[in-house]
Amino acid sequence: MGLSDSEYESLAALRDGQHQYEHGWATYTSRLTLRAVDRLRSMGLCELADFATRETLRPGPPQWAARLTPEGHDTLVYVPERRDTRPVPAANHPEGTREITLRPQAMDAVRLYLRLGPRLRQPPAPGLEAAVRAAQRADHGNIWHLHVTEAQAASIGYALWLETHAKTVRSAHYLAREHDVRYEPLRPGE
């Protein structure tokens, strides 16, 4: 269950709205409802300005103001690519410090995350690309074995968190359950 089309459109409208003003906050003039913005905030994709910040915004003060979090920005980059992508073949890499197993769909998501890395605010950890190239497919079954550092495992967690907004939560849940790796965005104001 990924980000719905309307949620993605709201996220894009929020980005566009925040670029309208020098202060970098989107306001109610961006055609978004507070309910839609609050839904994005609950997913960690945007933050709402507090009262003191809204008081400084012009023209204003607005009823509400919001802006993308780094995760919101990266979701806008990731989702359209993931929904239209095909798998990229893997190669070899030197062994790391921890074994992580992933199914093909999760590997596809991690490969896309690597391709998008230069465009993201939270790029992949150093060496993750080599770890993915060196991943070995199990002789029996449909599992890939990767050897990664903790930082690289955290990047995989973030890639699969992005995937939850594009297609499915299954891979992220598997990673959390089997390898105790999960990404939780900071939610400003909590």
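Before any of the text, the structure's been laid out above.
Treat the numbers as computed from the prediction; the structure is a model and nothing was measured.

*Asks:* Before we go on, may I ask you to explain the side chain of Ser 10 in this structure?
*Replies:* In this structure, Ser 10 sits in helix 1 (residues 5-18). Sequence-distant contacts of Ser 10, defined by excluding residues within four places in its chain, comprise Leu 32, Ala 36 and Leu 40.

*Asks:* Can you help me understand the nonpolar core in this one?
*Replies:* Among soluble globular proteins, nonpolar side chains are generally buried collectively. By size, the foremost hydrophobic cluster in this structure holds 50 residues, and its most contacted members are Leu 102, Val 110, Leu 128, Leu 146, Ile 156 and Leu 160. When residues no more than four places from it in sequence are discounted, the contact partners of Leu 102 are Met 107, Val 110, Asn 142, Ile 143, Trp 144, Leu 146, Ile 156, Leu 160 and Leu 175.

*Asks:* I keep staring at helix 5 (residues 104-116) and nothing clicks. Help me out?
*Replies:* Side chains of residues three or four places apart in an α-helix project in the same direction, reflecting 3.6 residues per turn. Taking 1.5 Å per residue, 13 residues should reach 18 Å; helix 5 reaches 18 Å between its end C-alpha atoms and fits that length. The buried count for helix 5 comes to 10 of 13 residues, which makes it a mostly enclosed element. Along helix 5, the positions that sit buried rather than exposed are Ala 106, Met 107, Asp 108, Ala 109, Val 110, Arg 111, Leu 112, Tyr 113, Leu 114 and Leu 116. Tucked into the core, helix 5 has its buried residues touching helix 4 (70-83), strand 4 (98-102), helix 6 (128-133), strand 6 (144-148), helix 7 (150-166) and helix 8 (170-179).

*Asks:* Mind showing me how you'd approach helix 2 (residues 34-42) here?
*Replies:* Taken together, the buried positions of helix 2 are occupied by Val 37, Leu 40 and Arg 41. With its buried residues spanning 105° around the axis, helix 2 presents them on a single face. Where helix 2 is buried, its residues meet helix 1, strand 2 (46-48) and strand 3 (65-68). Among the residues trailing helix 2, Gly 44 stands out with phi positive, at a value near 80°.

*Asks:* I tried to follow the packing of helix 1 against helix 2 on my own but got confused; where do I start?
*Replies:* Helix packing geometry: the angle between the two helix axes and the distance between the axes. For the pair helix 1 and helix 2, interaxial distance at closest approach is 10 Å and the crossing angle is 100°. The angle between helix 1 and helix 2 falls in the class roughly perpendicular. Where helix 1 approaches helix 2, its residues Glu 7, Ser 10, Leu 11 and Leu 14 are matched on the opposing element by Ala 36, Arg 39 and Leu 40.

*Asks:* Explain the sheet that holds strand 5 (residues 136-137) here, please?
*Replies:* Where strands meet in a sheet, backbone hydrogen bonds hold them as pairs that are either parallel or antiparallel. Taken in spatial order, the three strands of this open sheet run 4-6-5, and their pairing is antiparallel. Of all the strands in the sheet, the pair left with one neighbour each is strand 4 and strand 5. The pairing of strand 5 with strand 6 spans two bridges and is classified as antiparallel. Within the sheet, the bridge partner assigned to Arg 137 lies in strand 6 and is Trp 144.

*Asks:* When you look at the sheet that holds strand 2 in this model, what are you seeing that I'm missing?
*Replies:* If you trace the three strands from one edge of the open sheet to the other, you get 1-3-2, paired in antiparallel fashion. On the outer flanks of this sheet lie strand 1 (26-27) and strand 2, each paired with one strand and no other. Two strands pair when backbone bridges link them, and strand 2 and strand 3 are joined in this way by three bridges, in the antiparallel orientation. Following the sheet pairing, Cys 46 is matched in strand 3 by Leu 68. Here helix 2 sits on the sheet and contacts strand 2 and strand 3; the angle it forms with strand 2, its principal contact strand, is near 120°.

*Asks:* Sorry if this is basic, but what is going on with the pattern of salt bridges here?
*Replies:* Side chains that carry opposite charge are capable of pairing whenever their charged atoms lie near each other. In the structure shown here, the tally under the stated rule is nine salt bridges. Asp 16 serves as the salt-bridge partner of Arg 15, at 3.0 Å between the closest nitrogen and oxygen. The exposure class of Asp 16 is partly exposed, given its relative accessible area of 43%. Between Arg 98 and Glu 150 there is a salt bridge, and its shortest N-O distance comes to 3.0 Å. Of this pair, Arg 98 sits in strand 4 while Glu 150 sits in helix 7, and the two are 52 residues apart along the sequence.

*Asks:* Would you take a moment to explain the packing of aromatic side chains for this structure?
*Replies:* To describe a pair of aromatic rings, one takes the distance between the centres and the angle between the planes. Considering all chains together, one arrives at four aromatic pairs under this definition. Aromatic pair Tyr 158 and Trp 161: ring centres 5.8 Å apart, planes at 10°, arrangement stacked. A residue pair is termed a helical-turn pair when its members lie 3 or 4 positions apart in one helix, as Tyr 158 and Trp 161 do in helix 7 at three residues. Judged by its relative accessible area of 10%, Trp 161 falls in the buried class. Taken together, a centroid distance of 4.7 Å and an interplanar angle of 65° make the contact between Tyr 158 and Tyr 183 edge-to-face. Remark: Tyr 183 occurs in the segment after helix 8 and Tyr 158 occurs in helix 7; sequence separation between them is 25 residues. When its relative accessible area of 3% is taken as the criterion, Tyr 158 is described as buried. According to the relative accessible area criterion, Tyr 183 is buried, its value standing at 18%.

Basis of the calculations
- Residues numbered from 1 in each chain as written.
- Predicted model: local features only at pLDDT ≥ 70, side-chain atom pairs only at ≥ 80, totals over all residues.
- Heavy atoms only, no water.
- Helix = DSSP H or I, 4+ residues; strand = E, 2+ residues; numbered from the N terminus.
- Contact = heavy atoms within 4.5 Å.
- Core = buried A, V, L, I, M, F, W, Y, C linked by side-chain atoms within 4.5 Å.
- Buried < 20%, exposed > 50% of the residue type's maximum accessible area, 1.4 Å probe, protein only.
- Expected span 1.5 Å × (residues − 1).
- Arc of directions from axis to C-beta.
- Axes fitted to C-alpha atoms, helices over the stretch in contact; angles between N-to-C directions.
- Parallel < 35°, antiparallel > 145°, perpendicular 65-115°, else oblique.
- Pairing = 2+ DSSP bridges.
- Salt bridge = Lys/Arg side-chain N within 4 Å of Asp/Glu carboxyl O.
- Phe/Tyr/Trp six-rings, centres within 6.5 Å; stacked < 30°, edge-to-face > 60°.

Remember, this is a structural readout, not a statement about activity or role.
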